[in-house]
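Chain by chain, the residues:
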Amino acid sequence: MDKIIINGGKRLEGTIKISGSKNASLPILMATLLTDKLCSFACVPYLYDVKTIISLLTHLGKTIKREDDRVWVSSSGNICLEAPYDLVCKMRASVLVMGPLLARYGKVKVSLPGGCAIGSRPINLHLDGFKKLGAEISIRKGFIHLSAKRGLKGEKIFLDFPSVGATENLMMAAVLAKGSTVLENVACEPEIVDLASFLNKMGARIFNAGTNIIEIHGVKELKGAEHSVIPDRIETGTYLLAVALTRGKAKILNVNLTHLEIVIAKMKEAGVEIRFDDSTMEVSASENLKPVDINTSPYPGFPTDMQAQWMAFMSVIPGESIIYETVFENRFMHVAELQRMGANIRVKGDLAVINGVDKLSGVPVKATDLRASAALVLAGLVAEGETSIADIYHLDRGYESIEKKLGQLGAEIRRES
Ligand code: EPZ
């Protein structure tokens, strides 16, 4: 198993470029199941999760070519309507096959997703929505069987929670349904907007994506399209914090500022200097930073995917700060590892109280989930001595060449197999 070794204490300085968004790429690549025609993409990141979804799409009958950040998806002619356990358990986003396959073929069989470190992550909102669109659902021997013999019919659907995945799955199911669908209380994340933009290029008729009410008028069929994936806002936020935490100064290219407004506001409140022009961001931080509380919540609130990284940042800023995690029920797995490095953190239910310490110490730690491992990298960058992070396959799921990018900024970081 690979591990990452970091010798902390270096100020990060220089320029890096942000890759395409993981959480936009996954649903967008899945949407190619809605057509047999050629779809081509730019800015697709080189990530473990993207590799997994390419294996899944190949299994389902797609032919996929990849060159640098470009990807071409066409149909091999044969179609399989089953997403197997060995692929679904690697990546929960595999459940996004349900919407497109149900819409296009009226039938799909998906392995129930396995457990997940950050919470139970049920898919009841996805399944309830499919039922409202006319699908029959049965769960047998670890598989979900969905069918809609007479096709799907547009409906008004209210989500109990603005679930990102449920919004994406139901949007992809509704684009070929008979009549119109209104999805209410849906997720407003930029990744939803990017998926809707790609679907509309394919000929779908989706309105008001990015707001909490999305309207979809069903069409007969969808054609191929070209699309460039939006920059990854969580990767951007992670590198902004890496520079701030090491009191460095850097330029970050290929950033969409509007996708990060609350993170930038919170960083400025902590005393980080952030300037931008067009898609380039300049970030720098001096010694006197101050602690800032955060509550995670659905977009445009503070992203839960930045919570662990924020905790690493607060761990080395003098004073008390509070983090309230409201989206996932078990997203403090990074706390124990940060405490091993000397962080002063107390957890009470969904609340974490952090008292910044003068220094963290580099020790062997273990990654537990994607963003927890990012938090450990950030802590290692500023810790005294050597931090070794095991199980970094978690990290490779969501960060493209992280040791290369941080090395470009002057970090002393290497990967050991
Ligand atoms: C997406 O996961 C992201 N993943 C997650 O990013 C992100 O943390 C999450 O949205 C929230 O922003 C991708 O886009 C691939 P949800 P998703 O459905 O769709 C509950 C990362 O680090 N819920 O919005 O699975 C659920 O349990 C990953 O990049 C139900 O109860 O998130 C959770 O508490 C981690 N029933 C909350 O909603 C459902 O049917 C948010 O889940 C669906 C969700």
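Bear in mind the structure is a predicted one, so any value in this text is a computation, not a measurement. (Residues numbered from 1 in each chain as written. Predicted model: local features only at pLDDT ≥ 70, side-chain atom pairs only at ≥ 80, totals over all residues. Heavy atoms only, no water.)

### A closer look at the site of the ligand
Applicable threshold: Note on definitions. A residue lies near a molecule or strand when any single heavy atom of the residue is within 4 Å of it. Think of a polar contact as two N or O atoms within 3.5 Å of one another; within protein, one of them needs to be a possible hydrogen donor and the other a possible acceptor, and neighboring residues in sequence only count if both atoms come from side chains. Values of accessible area rely on a 1.4 Å probe in the Shrake-Rupley scheme; residue burial ignores everything except the protein chains shown. Numbering of helices and strands runs from the N terminus; a helix is a DSSP stretch of H or I covering at least four residues, while a strand is a stretch of E covering at least two. Residue classes follow a fixed rule: Ala, Val, Leu, Ile, Met, Phe, Trp, Tyr, Cys and Pro count as nonpolar, while Asp, Glu, Lys and Arg count as charged, and any other residue, Gly among them, counts as polar. Each domain's limits were defined by an automated method or a database of domain assignments.
In the vicinity of the ligand there are 21 residues, among which Asn-124, Leu-125, Ser-163, Asp-305 and Val-327 approach most closely. Here an oxygen atom of the ligand and a side-chain polar atom of Lys-22 are 3.0 Å apart. Contact between the ligand and Leu-125: an oxygen atom at 2.7 Å from a main-chain N or O atom of the residue. Starting from 830 Å² of accessible surface for the ligand in isolation, the protein chains cover 85%. Secondary structure elements with two or more residues in the shell around the ligand: α1 (22-30), α5 (124-132), α6 (164-174) and α12 (370-382). Split into classes, the residues belonging to the shell around the ligand amount to 10 nonpolar, six polar and five charged. Counting only domains with at least three residues in the shell around the ligand, you end up with domain 1 (3-16 + 232-416) and domain 2 (24-228).

### Brief notes about helix α4 (residues 98-105)
Stated formally: Categorising residues by exposure relies on relative accessible area from a 1.4 Å probe, with only protein chains included: less than 20% of the type maximum marks a residue as buried, more than 50% marks it as exposed, and the intermediate range marks it as partly exposed. Whether two residues touch is decided by their heavy atoms; if any such pair falls within 4.5 Å, the residues are in contact.
Across the eight residues that make up α4, a large majority, six, are buried. Those residues of α4 not exposed but buried are Met-98, Gly-99, Pro-100, Leu-101, Leu-102 and Ala-103. Those residues of α4 hidden inside the fold are in contact with α1, β7 (107-111), α5, β9 (143-147) and α6. A positive phi of about 70° marks Gly-106, the residue just after α4.

### Remarks on α6
Where burial is concerned, most of α6 is hidden: 10 out of the 11 residues are buried. The N-cap residue of α6 is Ser-163: its side-chain oxygen and the backbone nitrogen of Gly-165 are 3.5 Å apart.

### So, the environment of Ser-417
Its location among the elements puts Ser-417 in the segment after β24 (412-416). A relative accessible area of 83% places Ser-417 in the exposed class. Separated by 336 residues in sequence, Ser-417 and Leu-81 have C-alpha atoms that sit 37 Å apart. Apart from the residues lying within four places of it in its own chain, the contact partners of Ser-417 are Met-1 and Asp-2. Engagement of the side chain of Ser-417 in a polar contact is seen with the side chain of Asp-2, the distance being 3.1 Å.

### Brief notes about unusual backbone geometry
A cis amide bond links Tyr-299 to the next residue, Pro-300, at an omega of 10°. If you trace the backbone, Pro-300 turns up in the loop between β18 (294-295) and α10 (307-314). The phi dihedral of Asn-208 falls on the positive side, at around 70°, and the residue is not glycine. Within the secondary structure layout, Asn-208 lies in the loop between β12 (205-207) and β13 (213-217). With a relative accessible area of 43%, Asn-208 lands in the partly exposed category.

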